[in-house]
Amino acid sequence: MTDSPAPERHPGDTIWGHVAHVLRDNPVTLLAFGMVAFLVGCALFGPSLVPHDPLATNAARALEPPSWDHWFGTDNLGRDVFSRVIVATRLDLTISVAAVALSFVLGSLLGAVSGYWGGWLDAVLNRFLDTIMAFPLFVLAMGVVAALGNTVENIIYATAIINIPFYARLVRAEVNIRRHAGFAQAAKLAGNSDLRVLAFHIFPNALPPMMVQVSLNLGWAILNAAGLSFIGLGVRPPTPEWGIMVAEGANFIVSGEWWMAVFPGLWLMLAVFTFNLLGDGLRDIVDPRKRT
Amino acid sequence: MILGRVAQAIPVVMGVVVISFLLTRALPGDPAAYFAGPAADAASIAEIRQALGLDKPLIQQFFIYVGDLMTGDLGTSLSTGQPVAMDLAARLPASLELTLVALILSCVIAIPLGVLAATRPGSWIDHLCRVVVTAGVSMPTFFTGIVLIYVFYYLAGVAPAPLGRLDFIYLSPPQITGFYLIDAAIAGDWETWAGALKQLVLPAGTLALFTLAPIARMTRASMLQALSSDFIRTARAAGLGRRKILYGYAFRNALLPVITTLGMVFSFTLGANVLVEKVFAWPGIGSYAVEALVVSDYAAVQGFVLAMALLFVALNLIIDIVYALIDPRIALG
């Protein structure tokens, strides 16, 4: 900030002013930010705050419905469902954030290079992305985990692989329309190398739509990872994880012990819903015209 | 035009085959040692390696793999002892029946919902549409299925036990198409037909709830866009009837992006299918793959992945052809 007087400034001129304006206009987005903060809080501090040890079994108090003692009831081994649900937040968020970060980086690299230089590189990349998209994505993730081995890291890699096309295509399109833009050519003329122009002048323009994609993708990545562990891939019991907990609870739903499956499922839904809301809200901030 | 589109699918199919070959060869550890079993000695592992062709260079292995595929050989499943292709073929109708019923159900609900929401913005139906869309994309299918089982089987007692395609008191209808609903109808066995339908309602409803959101969202958005375009204004100015404008002009144009979305929806549905089949013990190819995954039956899993990908490519092909048939601007010449 400079001291020079700027008489014509409005609160909406700065980025923060704009964000504040949109948030005032749309309290739902504010709520989404609050919920994200809550989930991150659970992930960071949850394990040290929960009332019970998430792994401690207690056969005497198995399959108890929710009570003051056990807010979400207990499972078939007498473990506290509430503590397990909260503790699982860290693992689920880690998987999805890591997967989305990986696909963000790889997708950006691939998309930027092929969008800027074009040519055969672009053609090859497009073919490759088409091929990935030719698979039903969840099924491809299953195949990747089956091929690489049944571990949590491989769940992350599989989720990252199926997300790469979305980022690569987005960055490719954003870079491609700007590679001959005036500001890019000016930067080039001023003696910047191709790489520098691409990385510091063109690529940042792709970031706002990328952020929207990241947020929408996080919810989807959580769903995906939970789905994989629901069918028995990746995370292994007794590790608390939402997908596994729903799978374990599914065996008891037909006999009426609903709390084992319903609470982790609701928590999972809450997390996905939060990131979807956030994505919609971010899109309103970034590009108000795309509102549907 | 159609031939051209079919030709475009060929490189995609080749890419799919390459990726699924790489997936089969990326097995953890030594596939020969794996297939030989834990009790095998070095000599028998070497023998199996030779029998599987794993001692040959990778390129040659690839051509052997493609040759096997051409003859429909996807390898043998370890858990069932049957050729994977046969297992998949036997179970495919169950999955297809579930998927198709679910998609028809969700289109029948979502498209009118989207149209109504677009024509009456701000009304209760618009808000309902928004709620369905937002909730629908956040719902894990496996969780929806479990909640539906709890409500309709345990609490209300109206749904049958979630144990497959047909209660054991019925005999499965004589196999013609493999679709129980169609087979039973052909055989005129309406009792079995009703039994099969009862089993189908919950899993198909679960899948439909999942696919409802993207279809309704797209219908609403594209209908809004169509209604605000110039040709609708012209049609209104020319004094055409409301019905004619809405269905003859706006809806026909709005359908195009919806059909494009259906391709993406299919991708999600085929994935969600796996989860729904597991929840409802549905004997389709999804639960086959899950069972195979649990016992590390890799040939079966990779066969499943390949089959799903080919199915998806075929579906996209059909969607594109339908698109061309509907879109008056693309001439079929």
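Source: prediction; values computed, not measured. (Residues numbered from 1 in each chain as written. Chains lettered and ligands numbered in written order. Predicted model: local features only at pLDDT ≥ 70, side-chain atom pairs only at ≥ 80, totals over all residues. Heavy atoms only, no water.)

### Digging into the overall build of chain B
Our working definition: Where helices and strands are cited, they refer to DSSP runs of H or I of at least four residues and of E of at least two residues respectively, numbered from the N terminus. The buried label applies to any residue whose accessible area, calculated with a 1.4 Å probe on protein chains only, is under 20% of its type's maximum; exposed applies above 50%, and partly exposed to all values in between. By definition, residues are in contact when any of their heavy atoms lie within 4.5 Å.
Counting its regular elements, chain B contains 13 helices and zero strands. In sequence order, chain B lays out its α and β elements as α-α-α-α-α-α-α-α-α-α-α-α-α. Along the longest, intermediate and shortest principal axes, the C-alpha atoms of chain B span 85 × 50 × 40 Å. Taking all 333 residues of chain B together, the buried fraction comes to 46%. Here the contacts in chain B between residues at least 6 apart in sequence split such that 71% fall between residues at least 24 apart.

### Notes on the packing of aromatic side chains
Stated precisely, the cut-off is as follows: Aromatic pairing here means that ring centres of Phe, Tyr or Trp (its six-membered ring) are within 6.5 Å. Orientation follows from the plane angle: under 30 degrees is stacked, over 60 is edge-to-face, and everything else is tilted.
On inspection of all chains with the given rule, the structure shows 11 aromatic pairs over all chains. Seen in terms of ring centroids, Phe166(A) and Trp220(A) are 6.2 Å apart; in terms of plane orientation they differ by 80°. Their pairing is edge-to-face. Residue Phe166(A) is found in helix H6 (residues 152-178), and its partner Trp220(A) is found in helix H9 (residues 207-230); the two are separated by 54 residues along the sequence. Geometrically, the ring pair formed by Phe230(A) and Phe142(B) is stacked, given 4.4 Å between the ring centres and 20° between the ring planes.

### Some points on the pattern of salt bridges
All names here are of chain A. This is how the line gets drawn: For this analysis, a salt bridge means a side-chain nitrogen from Lys or Arg found within 4 Å of a carboxyl oxygen belonging to Asp or Glu.
Enumeration over the complete set of coordinates arrives at eight salt bridges over all chains. The salt bridge involving Asp130 is made with Arg169; its shortest N-O contact spans 2.7 Å. Remark: Arg169 occurs in helix H6 and Asp130 occurs in helix H4 (residues 119-133); sequence separation between them is 39 residues. The exposure class of Asp130 is partly exposed, given its relative accessible area of 27%.

### As for the confidence of the model for chain B
All names here are of chain B. Cut-off, in case you're wondering: Looking at any residue, its pLDDT shows the predictor's confidence there, from 0 to 100.
Across chain B, the average pLDDT comes to 80, with 92% of residues at or above 70. Taking the mean pLDDT of every element in chain B, the minimum, 66, falls on helix H2 (residues 31-36) and the maximum, 87, on helix H5 (residues 84-119). Across the predicted assembly, pTM comes out at 0.82 and ipTM at 0.82.

### Looking at a positive patch on the surface
How we decide: Each patch is built from salt-bridge-free residues with over 30% relative accessible area, joining like charges within 9 Å and nonpolar side chains (Val, Leu, Ile, Met, Phe, Trp, Tyr) within 5 Å. The accessible surface values rely on the Shrake-Rupley method and a 1.4 Å probe; as for residues, cover is taken only from the protein chains in view. As used throughout, the charge tally considers Lys and Arg to be positive and Asp and Glu to be negative, leaving His and the chain termini uncounted. Here the site of a charge means NZ on Lys, CZ on Arg, CG on Asp, or CD on Glu.
A cluster of basic residues, Arg120(B), Arg236(B), Arg242(B) and Arg243(B), forms a positive patch at the surface. Within the secondary structure, Arg236(B) sits in helix H10 (residues 230-237).

### Remarks on the nonpolar core
Counted only if it meets this: Buried Ala, Val, Leu, Ile, Met, Phe, Trp, Tyr and Cys residues form a nonpolar core when they are joined through side-chain atoms within 4.5 Å.
One finds Met142(A), Phe230(A), Ile231(A), Phe142(B) and Phe304(B) to be the most contacted residues of the largest nonpolar core, which totals 173 residues. Non-local contacts of Ile231(A), meaning those with residues more than four positions away in its chain, are made with Phe138(A), Met142(A), Val274(B), Leu275(B), Lys278(B), Val290(B), Leu293(B) and Val294(B).

### Overview of the packing of H9(A) against helix H10 (residues 242-253) of chain A
Residues and elements named next belong to chain A. This is how it is decided: Only the stretch in contact is used when a helix axis is fitted, and all axes are lines through C-alpha atoms; the angle between N-to-C directions ranges over 0 to 180 degrees. Comment on the angle field: the value is read as roughly parallel under 35 degrees, roughly antiparallel over 145, roughly perpendicular from 65 to 115, and oblique elsewhere. Here is the rule for handedness: rotate from the far helix to the near one, and if that takes an anticlockwise turn smaller than a right angle the crossing is left-handed, while a clockwise turn gives right-handed. Ten residue types, Ala, Val, Leu, Ile, Met, Phe, Trp, Tyr, Cys and Pro, are classed as nonpolar, four, Asp, Glu, Lys and Arg, as charged, and the remainder, Gly among them, as polar.
One can describe the packing of H9 onto H10 by two numbers: an axis separation of 7 Å at closest approach and a directional angle of 45°. As summarised for this structure, H9 and H10 are arranged oblique, according to the angle between their axes. Between H9 and H10 the crossing geometry is right-handed. Taken together, the residues of H10 that come into contact with H9 (itself represented by Ile222, Ala226, Ser229 and Phe230) are Trp242, Gly243, Ile244, Val246 and Ala247. In terms of residue class, the contact of H9 with H10 is built from seven nonpolar, two polar and no charged.

### Some words on the interface of chain A and chain B
Operational definition: Buried surface area refers to the total accessible area, computed with a probe of radius 1.4 Å, that the two partners give up upon joining, counted for both partners together. Within 3.5 Å is the distance limit for a polar contact, defined as a pair of N or O atoms, with the added protein rule that one can donate a hydrogen and the other accept it, and that residues adjacent in sequence qualify only through two side-chain atoms.
Counting residues at the interface gives 44 residues for chain A, matched by 47 residues for chain B. Carbon and sulfur atoms make up 81% of the area that chain A and chain B hide from each other, which totals about 3,900 Å². On inspection of chain A and its partner chain B, the count reaches zero salt bridges. Between chain A and chain B we count one residue pair in polar contact (both at pLDDT 80 or more) in total. Breaking the side of chain A that touches chain B down by element, the ones donating at least two residues are H4, helix H5 (137-148), H9, H10 and helix H11 (259-286) of chain A. Class assignment of the residues belonging to the side of chain A that touches chain B gives a composition of 32 nonpolar, nine polar and three charged.

### Quick look at the environment of Trp193(B)
Residue and element names in this part refer to chain B. Here Trp193 shows up in helix H9 (residues 190-227). By relative accessible area, Trp193 is classed as partly exposed at 28%. Residues Trp193 and Leu166, 27 residues apart in the sequence, show an inter-C-alpha distance of 9.5 Å. Beyond its immediate stretch of four places on either side in the chain, Trp193 contacts Leu181, Ala184 and Ala185.

### Quick word on unusual backbone geometry
For Ala281(B), which is not glycine, the phi torsion reads 50° and is therefore positive. Residue position: Ala281(B) is located in the loop between helix H11 (242-279) and helix H12 (285-294).

### Examining the environment of Ala32(A)
Residue and element names in this part refer to chain A. With respect to the helices, strands and loops of the structure, Ala32 is situated in helix H2 (residues 27-49). Between the C-alpha atoms of Ala32 and Asn58, which are 26 residues apart in sequence, the distance is 37 Å. When residues no more than four places from it in sequence are discounted, the contact partners of Ala32 are Thr274, Leu277 and Leu278.

### Describing helix H3 (residues 81-117) of chain A
Residue and element names in this part refer to chain A. Quick note on the threshold: Any helix carries an expected span of 1.5 Å times its number of residues minus one. Consider a residue and the seven residues that end there alongside the seven that start there; fitting an axis to each set, the bend is the angle between those axes.
Under the 1.5 Å per step criterion, the end-to-end length of H3 is 53 Å for 37 residues, consistent within 8% with the ideal 54 Å. The largest bend along H3 measures about 30° and falls at Ala88. Note on H3: the residue one or two positions beyond its end, Gly118, has a positive phi of about 60°.

### Here we look at the side chain of Ser83(A)
Considering the arrangement of structural elements, one finds Ser83(A) in helix H3. With sequence-adjacent residues up to four places away left out, Ser83(A) is seen in contact with Val50(A), Pro51(A), His52(A) and Pro54(A).

### Some details on the packing of H9(B) against H11(B)
Residues and elements named next belong to chain B. At a minimum axis separation of 8 Å, H9 and H11 run at an interaxial angle of 150°. Comparing the axis directions of H9 and H11 gives the class roughly antiparallel. Seen from above, H9 lies across H11 with right-handed handedness. Here the residues of the contact of H9 with H11 sort into 20 nonpolar, seven polar and no charged.

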